[in-house]
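Structural overview for review
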Amino acid sequence: MDHAQATPSADSSLGRVGFGLPDCPPGLAELRGRIAAFVRERVMRSEPLLDSGGPAARAELLRLQGEAKGAGLWALPLPAEIGGQGLPPSRYAHLAEAEGASDHGPATLGSAPLLDVLMLGRHATAPVKERYLRRIAAGELRTCYAMTEPDTPGTDPALTSTRAEPGTDGTWTLHGRKWFITGAGEADLVTVMARTGDNPVDLSLFLVPTSASGFRVVRELPVLGVGGQWEIELDGVTVPPEHMVGERGTALHIAGERLRLGRILRCLCWLGQAERAFDLMCVRARSRTQTSGPLADRQLVQQLVFDSLLAIRTTRPLVYEAVARLDAGEDTRLETGLVKVAAARMLQQVADAAIQVHGAAGLGPDTALPSLFRMGRAARLLDGPDELHIAAVARRVLRAYDVTS
């Protein structure tokens, strides 16, 4: 049995019990259904091959991307002027859960480079926009983002040690290492955060072609036994002046802008993955029978189902509140911190419960549960560990209770 066979044959998490999903804006319900069907019937069935990496996985991804383009599902949130369909975050959010039910969904449907496209569209120079944006949106060029370093706390970018030295001709030469970079092993372009002065916050971003002399992929970094993350080295990589993204010293501002949307998008994907795990758990509970009867009749199994549904239903409103505030241009730092922690915990909890109901079968390769659980555990570190967000939210809340004024 492959992952797809272990997944219910309909978008049943919505149709059978509902997960508190807000009503789709006009015209999106049908599109969401088409996306859910495409991910379920096309992407999930190819997950073992896509997970394996290498030329075969790349060929399968390109095949699926072609099908997505033919179905009119390609690049839904990317700007229309570069070949996307221009859905704003408030509308795309209703689709991102369906895309994110598979970790490969966003790449297959062309929405994976959204953060890079928005960042370059807002901050890159005109030559860079003209040279790269349309090709990124078309899926011809693959991008990634390099911020974290092996010997530097990822939560403190002011300690970044990668340096960019200016040349007399306006070029910049980069030296350093970055790691835990999603997709770096196959990327064509990588945005690198580097130090451009002695001030701790004098950090800048550079768009680096991976074909540049001095760029090297050091190794793939398995996460709980599965690949997809990479370590890279920049040993005297020189880029032209127009490849600086934004003004010198503005990397932290641009990174913060990027992370706020990025964290919300991750949470939407985690909701979709938690729904998938929940479906698998419920199908198993109803179909698995022992001498004493079906698992669904066991109170402890019912408790796992209840707790999982509660976790999903209480997390979703927080995520959509963050989406609404972001779309309205409001400060979302408090909401983003809350939803990032809540959604990561929720995914790990639901995936763990689903594995428990499956027993030994939940640990093996016949269902998607091992990958969903891995994502749930990694989610508590991605884009900042839980502790970072907990402390930041608490400080922000407590400042409103200043007793000295």
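Worth saying up front: this structure is predicted, and the values here are computed from it rather than measured. (Residues numbered from 1 in each chain as written. Predicted model: local features only at pLDDT ≥ 70, side-chain atom pairs only at ≥ 80, totals over all residues. Heavy atoms only, no water.)

What follows is about the overall build of the chain. Looking only at helices and strands, one finds 13 helices and 10 strands in the chain. Taking 405 residues into account, the globule formula puts the C-alpha radius of gyration at 22 Å, and the chain, at 22 Å, falls close to it. Overall, the C-alpha framework of the chain stretches about 80 × 65 × 40 Å when taken along its three principal axes. A buried classification covers 49% of the 405 residues belonging to the chain. (Helix = DSSP H or I, 4+ residues; strand = E, 2+ residues; numbered from the N terminus. Rg over C-alpha atoms; globule rule 2.2 N^0.38 Å. Buried < 20%, exposed > 50% of the residue type's maximum accessible area, 1.4 Å probe, protein only.)

Time to look at the packing of helix α7 (residues 114-123) against helix α9 (residues 251-287). For the pair α7 and α9, the least separation of the axes is 10 Å and the interaxial angle reads 150°. By the angle between their directions, the pair α7 and α9 is classed as roughly antiparallel. Judged by the sense of rotation from one axis to the other, the crossing of α7 with α9 is right-handed. Residues Leu114, Leu115, Asp116, Leu118, Met119, Arg122 and His123 of α7 form the contact with α9, whose own contacting residues are Ile254, Glu257, Arg258, Leu261, Gly262 and Leu265. For the contact of α7 with α9, the class distribution of residues is seven nonpolar, two polar and four charged. (Axes fitted to C-alpha atoms, helices over the stretch in contact; angles between N-to-C directions. Parallel < 35°, antiparallel > 145°, perpendicular 65-115°, else oblique. Left-handed = near helix turned anticlockwise from the far one by under 90°. Contact = heavy atoms within 4.5 Å. Nonpolar A, V, L, I, M, F, W, Y, C, P; charged D, E, K, R; others polar.)

With that settled, consider the layout of surface pockets. In this structure, the second largest pocket occupies an estimated 370 Å³ of space. In terms of lining, the second largest pocket is formed by 21 residues, of which the most central are Pro89, Leu118, Arg122, Leu261 and Leu326. Those elements that provide at least two residues to the lining of the second largest pocket are α5 (89-100), α7 and α9. Of the residues belonging to the lining of the second largest pocket, the class tally is 12 nonpolar, three polar and six charged. (1 Å grid on protein atoms, 1.4 Å probe; cavity = no way out; pocket = protein on both sides within 12 Å on 5 of 7 lines; lining within 4 Å. Points joined across faces, edges and corners; volume = space filled by probe spheres on them.)

This paragraph deals with the packing of aromatic side chains. In the structure shown here, the tally under the stated rule is two aromatic pairs. Ring geometry for Trp179 and Phe180: centres 4.9 Å apart, planes at 70°, overall edge-to-face. Residue Phe180 is classed as partly exposed on the basis of its relative accessible area, which comes to 40%. Arg258 extends its terminal NZ or CZ atom over the ring of Tyr145, reaching a point 3.9 Å from the ring centre. (Phe/Tyr/Trp six-rings, centres within 6.5 Å; stacked < 30°, edge-to-face > 60°. Lys NZ or Arg CZ within 6 Å of the ring centre and 35° of its normal.)

Below, the discussion takes up the nonpolar core. In terms of nonpolar packing, the biggest core is built from 87 residues, with Ile35 and Leu268 touching the most fellow members. By residue number, the principal contributor to this core is α9, which donates 16 residues. If near-sequence neighbours (up to four positions away) are discounted, Leu268 is found in contact with Ala93, Ala96, Glu97, Val319, Tyr320 and Val323. With 21 residues, the next largest nonpolar core counts Trp172, Ala187, Val190 and Leu234 among its residues. (Core = buried A, V, L, I, M, F, W, Y, C linked by side-chain atoms within 4.5 Å.)

A word on helix α4 (residues 54-70). Between the first and last C-alpha of α4 there are 25 Å, a value that for 17 residues agrees with the 24 Å anticipated at 1.5 Å per step. All of the buried residues along α4 are Ala57, Arg58, Glu60, Leu61, Leu64, Gln65 and Ala68. Looking straight down α4, one finds that the buried residues subtend no more than 160° of arc, so they occupy a single side. Seen from the open side of α4, the exposed residues pointing more than 90 degrees away from its buried face are Pro55 and Gly70. (Expected span 1.5 Å × (residues − 1). Arc of directions from axis to C-beta.)

Sheet topology places strand β2 (residues 163-166) next to strand β3 (residues 172-182); four bridges connect them, and they run antiparallel. Its bridge partner lying in β3, Pro166 is registered against Trp172. If you look at the hairpin formed by β2 and β3, you'll find five residues sitting between the two strands, and Gly170 has a positive phi there, around 90°. (Pairing = 2+ DSSP bridges.)

A few words now on the confidence of the model for the chain. Model confidence for the chain is summarised by a mean pLDDT of 92, while 94% of its residues fall at 70 or above. Scored below 50 in pLDDT, residues 1-15 makes 41 contacts in the model with residues more than four places away or belonging to other chains. (pLDDT = per-residue confidence, 0-100.)

With that settled, the discussion passes to unusual backbone geometry. A positive phi angle, close to 55°, is found at Ala75, a residue other than glycine. Relative to the assigned elements, Ala75 resides in the loop between α4 and α5. Judged by its relative accessible area of 0%, Ala75 is buried. Phi at Asp383 takes a positive value of approximately 55°, unusual for a residue other than glycine. Mapped onto the fold, Asp383 is located in the loop between α12 (369-379) and α13 (386-399).

Here the focus is the pattern of salt bridges. Under the criterion given, the structure shown has 28 salt bridges. In this structure, the salt-bridge partner of Arg219 is Glu231, at a minimum N-O distance of 2.7 Å. Here Arg219 is found in strand β6 (residues 215-223), whereas its partner Glu231 is found in strand β7 (residues 226-239), with 12 residues between them in sequence. Notably, a salt bridge pairs Asp386 with Lys340, separated by 4.0 Å at the nearest N-O pair. Note that Asp386 is positioned in helix α13 and Lys340 in helix α11 (residues 333-358), a separation of 46 residues in sequence. (Salt bridge = Lys/Arg side-chain N within 4 Å of Asp/Glu carboxyl O.)

It is worth spelling out the side chain of Thr336 at this point. Its place among the elements puts Thr336 in helix α11. In this structure Thr336 comes out as buried when scored by relative accessible area, which is 2%. Discounting chain neighbours no more than four positions away, the residues touching Thr336 are Arg260, Arg263 and Ile264.

Let's shift gears to the state of the cysteines. Overall, the coordinates contain zero disulfides when judged by the stated rule. Cys267 takes part in no disulfide bond, and the closest cysteine sulfur, belonging to Cys269, lies 9.4 Å away. Residue Cys267 is classed as buried on the basis of its relative accessible area of 0%. Judged by its relative accessible area of 17%, Cys269 is buried. (Disulfide = S-S within 2.5 Å.)

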